[in-house]
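Here are the chains, one letter per residue:
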Amino acid sequence: MTVPRTMRAMRIVQHGGPGVLRPAEVDVPTPRAGEALIEVGAAALNNTDVWTREGAYGRPDDPAALSGWRGPLTFPRIQGADVAGHVVAVGATGDAGLVGLRVVVDPATYDAAGPDAHPVGLMGSERDGGYAEYVTAPVDQVHDMTGSPLTVDQLATLPTAYGTALGMIERGRLHEGETALVSGASGGVGLALVQLARARGARVLAVSSGAKIGAVRAAGAHEVVDRARDVPGQLRALAPEGVDVGLDVVAGSLVHDGLPLLREGGRWVTAGALGGHQVGFDVRRLYLHNRQLIGSSMHTRAHFRLLMDLARRGDIRPAVAAAFPLGEAAHAQDELARRRHVGKLVLHP
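The shown structure was predicted, so the numbers you read here are calculated from the model rather than taken from an experiment.

(A) Structural detail: the overall build of the chain. Helix and strand counts for the chain come out as ten helices and 18 strands. Here the C-alpha radius of gyration of the chain, 20 Å, is about what a compact globule of 349 residues would show, namely 20 Å. Judged by the C-alpha coordinates and their principal axes, the chain covers about 60 × 40 × 40 Å. Expressed as a percentage of its 349 residues, the buried residues of the chain come to 54%.

(B) Structural view of unusual backbone geometry. Residue Phe75 is joined to Pro76 through a cis peptide bond whose omega torsion reads -5°. By the secondary structure assignment, Pro76 is in the loop between helix H1 (47-54) and strand S4 (77-78). A positive phi angle, near 60°, is found at Met298, a position not held by glycine. When you line up the elements, Met298 lands in the loop between strand S16 (292-295) and helix H9 (301-313).

(C) Quick peek at the layout of surface pockets. In this structure, the second largest pocket encloses a volume near 190 Å³. Lining the second largest pocket are 14 residues, and of these Pro29, Arg127, Asp128, Val135 and Thr136 lie nearest its centre. Elements represented by at least two residues in the lining of the second largest pocket include exactly strand S2 (21-27) and strand S9 (134-138). Tallying contributions element by element places S9 first for the lining of the second largest pocket, with three residues. Split into classes, the residues belonging to the lining of the second largest pocket amount to six nonpolar, three polar and five charged.

(D) Fine view of helix H4 (residues 188-199). Given a rise of 1.5 Å per residue, twelve residues ought to cover 16 Å, and the 17 Å separating the end C-alpha atoms of H4 matches this to within 8%. Of all twelve residues in H4, nine are buried, a share of seventy percent or more. Along H4, the residues classified as buried are Val189, Gly190, Leu191, Ala192, Leu193, Val194, Gln195, Leu196 and Ala197. Close packing links the buried residues of H4 with helix H3 (158-171), strand S11 (179-182), strand S12 (203-208), helix H5 (213-218), strand S14 (243-248) and H9. Backbone geometry just downstream of H4 places Gly201 in the positive-phi region, at approximately 95°.

Cut-offs applied
- The numbering scheme is per chain: residues are counted from 1 as the chain's sequence reads.
- Totals for whole chains, interfaces and linings use all residues, but because this is a predicted model, local features are given only for residues with pLDDT of at least 70 and pairs of side-chain atoms are given and counted only at 80 or more.
- Remark: hydrogens and water are excluded; side-chain values derive from all non-hydrogen atoms of the structure.
- Helix and strand labels come from DSSP, where a helix needs a run of H or I of at least four residues and a strand needs a run of E of at least two; each type is numbered from the N terminus.
- Here the globule rule reads 2.2 Å times residues to the power 0.38, and the radius of gyration is calculated from C-alpha atoms.
- Partly exposed residues are those whose accessible area sits between 20% and 50% of the maximum for their type, while under 20% is buried and over 50% is exposed, using a 1.4 Å probe and protein chains only.
- Think of a 1 Å grid over just the protein atoms. A cavity is a set of points where a 1.4 Å probe fits yet cannot get out, a pocket is an open set with protein on both sides within 12 Å along at least five of seven lines, and lining residues have an atom within 4 Å of a point.
- Grid points are joined across faces, edges and corners, and a volume is the space filled by probe spheres set on the points.
- Residue polarity is assigned by list, with Asp, Glu, Lys and Arg as charged and Ala, Val, Leu, Ile, Met, Phe, Trp, Tyr, Cys and Pro as nonpolar; anything else, Gly included, falls into the polar class.
- For a helix, the expected span equals 1.5 Å multiplied by the residue count minus one.
- By definition, residues are in contact when any of their heavy atoms lie within 4.5 Å.

The following block contains the structure:
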């Protein structure tokens, strides 16, 4: 196909509210050696898009500093970590056989080669992302999904939410037959955790709000407790012998309340701070019971390949709550922040 010279994109020009996300006509990026050019079919929204726009991540030396995912941003920046689409060109020495493939992009930048390297950058934050008609990506992070039964919208929901969720499950060493606690279960990562933990054969206890409990149960949770009531008490009644793995995107007071719910040798995995990033707990409940508190940031290359295998087989079925035109990205982010939906929001360029 003939690739146009320019494209539509949505860029943030500074940190701030939805108004800093603005439309622009920009050059279509040229794939360098080792890169592919993807025509974006759908781009999913994530909390990280909102927090990157707001500069809400802070820095190790200054928690209050305006910052992107892993440091200061270069503006303007095209947002969007999650992309599904078709390869339309490859850079020099690239495999022309990639052209035409239906693909999903692994959006991470890693600190080393190899399957277990740590993610240290993210498409849409440290480099331009998928709120556009075209985006480039390293060819070894472009995954062929031609045979997947999932729609392009469903495929676009996978990288950040499901990648983060699978990274948590893998780092928490969740096994078949164990009991998993999922907090924030109606959100993008939370719903992914419910589906992936259920697919692994775990007993899934989820925490959600009253209006969304039915949708969380439909996604695969065995039991759902209402976060407006006594959460620790409800969980103790459902799992009197304790929980094997806590899969937590809320943090805040839940860390204090949740650690004592773990069995001997249990693992508490945290990948978010929706309930607050300052926590306190009795450290004796950690070391005297051989429990582990694990931080988990996104996924590794190995995790992402495992996720793509699940998606090719159709073992997971992401829920898409709504789709918006690319030009309504600011409105879509506002809807995301209101948290009135269950499932993922996507943009169509």
